[in-house]
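Coordinate analysis (summary)
Residues per chain, in single letters:
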Amino acid sequence: MEHVTPRLLPWTSPEGKPCYLVTDDGGSRLSRLADDLEAAQLATGVDVLGLARTVLDDPMSPYTEVRYAGLRLAECLTDALPAAESRGMRLSTPGEAGPTTT
């Protein structure tokens, strides 16, 4: 039997605990939903970063705008880190060869 690495999902339980999916079907409805949500979270992060750079690059930006930009960036990073962790866990499992570069 092949070892299936649990996938960390991009949402939490009502108690705030991480949710995992264990399946050998990467194209299942739940897998596709998780893929779509991760893609939306990462796209939002790119958008927020672009907007925040405008504020952060201007030395005359008011404190409240800088703080707001920082808070939004922190929210986006909070979303992006679990997606990155989940993808990293799925790259290779113990005993398997990891991705190779040529």
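**Comments concerning the overall build of the chain**
Looking only at helices and strands, the chain features 2 helices and 2 strands. Along the chain, from the amino end to the carboxyl end, the secondary structure elements read β-β-α-α. Residues counted as buried form 23% of the 102 residues belonging to the chain. If you take every contact in the chain between residues at least 6 apart in sequence, the share linking residues at least 24 apart comes to 47%. For the chain, the exposed area adds up to about 7,600 Å²; of that, 60% sits on carbon and sulfur atoms.

**Quick look at the side chain of Ser31**
Of note, Ser31 is situated in helix α1 (residues 29–57). Excluding residues that lie within four positions of it along the chain, Ser31 makes contacts with Arg7, Leu21, Thr23, Asp25 and Gly26.

**Topic: the packing of α1 against helix α2 (residues 63–91)**
Direction vectors running N to C along α1 and α2 enclose 150°, while the axes themselves pass 9 Å from each other. In terms of crossing hand, the pair formed by α1 and α2 is left-handed. Here α1 contributes Glu38, Gln41, Leu42, Thr44, Gly45, Val48, Leu49, Ala52, Val55 and Leu56 to the contact with α2, which in turn contributes Glu65, Val66, Ala69, Arg72, Leu73, Cys76, Asp79, Ala80, Ala83, Ser86, Arg87 and Arg90. For the contact of α1 with α2, the class distribution of residues is 12 nonpolar, 4 polar and 6 charged.

**Quick look at the pairing of strand β2 (residues 18–21)**
Walk down a regular strand and you will see the side chains alternate between the two sheet faces. The two faces of β2 differ: Cys19 and Leu21 on one face are buried, but Pro18 and Tyr20 on the other face are not. Across 3 bridges, strand β1 (residues 7–12) lies against β2 in antiparallel orientation. For Thr12, the partnering residue across the bridge sits in β2 and is Pro18. Two successive antiparallel strands, β1 and β2, enclose a turn made up of 5 residues, where Gly16 displays a positive phi of approximately 85°.

**Some details on the packing of aromatic side chains**
Scanning the model with the defined rule gives 0 aromatic pairs in all. Taking the ring centre of Tyr68 as reference, the NZ or CZ of Arg72 above it sits at 4.5 Å.

**With respect to the side chain of Glu38**
Within the secondary structure, Glu38 sits in helix α1. Under the relative-accessibility criterion, Glu38 is labelled buried at 1%. When sequence neighbours within four positions are dropped, the list of residues in contact with Glu38 reads Arg7, Leu8, Pro10, Ala83, Ser86, Arg87 and Arg90.

So, how was this worked out
Counting restarts for each chain: residues are numbered from 1 in the order of the written sequence. Totals for whole chains, interfaces and linings use every residue, but because this is a predicted model, local features are given only for residues with pLDDT of at least 70 and side-chain atom pairs only at 80 or more, for both listing and counting. Just so you know, side-chain values use all the structure's heavy atoms and leave hydrogens and water out. Under the scheme used here, helices are H or I runs from DSSP no shorter than 4 residues and strands are E runs no shorter than 2 residues, and both carry numbers assigned from the N terminus. Any residue under 20% of the maximum accessible area for its type is buried, any over 50% is exposed, and the rest in between are partly exposed; the area is computed with a 1.4 Å probe on protein chains only. Whether two residues are in contact is decided by their heavy atoms: any pair within 4.5 Å suffices. Surface accessibility follows the Shrake-Rupley procedure with a 1.4 Å probe radius. Residue values consider only the protein chains on display as shielding. Comment: axis = line fitted to C-alpha atoms, over the contacting stretch for helices; angle = value between 0 and 180 degrees taken between N-to-C directions. Handedness of a helix crossing follows the sense of rotation of the near helix relative to the far helix, less than a right angle counterclockwise being left-handed and clockwise being right-handed. All amino acids are sorted into three groups, where Ala, Val, Leu, Ile, Met, Phe, Trp, Tyr, Cys and Pro are nonpolar, Asp, Glu, Lys and Arg are charged, and the leftover types, Gly among them, are polar. Here, a strand pair is defined by DSSP locating no fewer than two bridges between the strands. Stacked, tilted and edge-to-face are the three classes applied to pairs of Phe, Tyr and Trp rings, where Trp contributes its six-membered ring and a pair requires centres within 6.5 Å; stacked means planes under 30 degrees apart, edge-to-face means over 60, and tilted covers the rest. Counted as over-ring charges are cases with an Arg CZ or a Lys NZ within 6 Å of the ring centre that also lie within 35 degrees of the ring normal.

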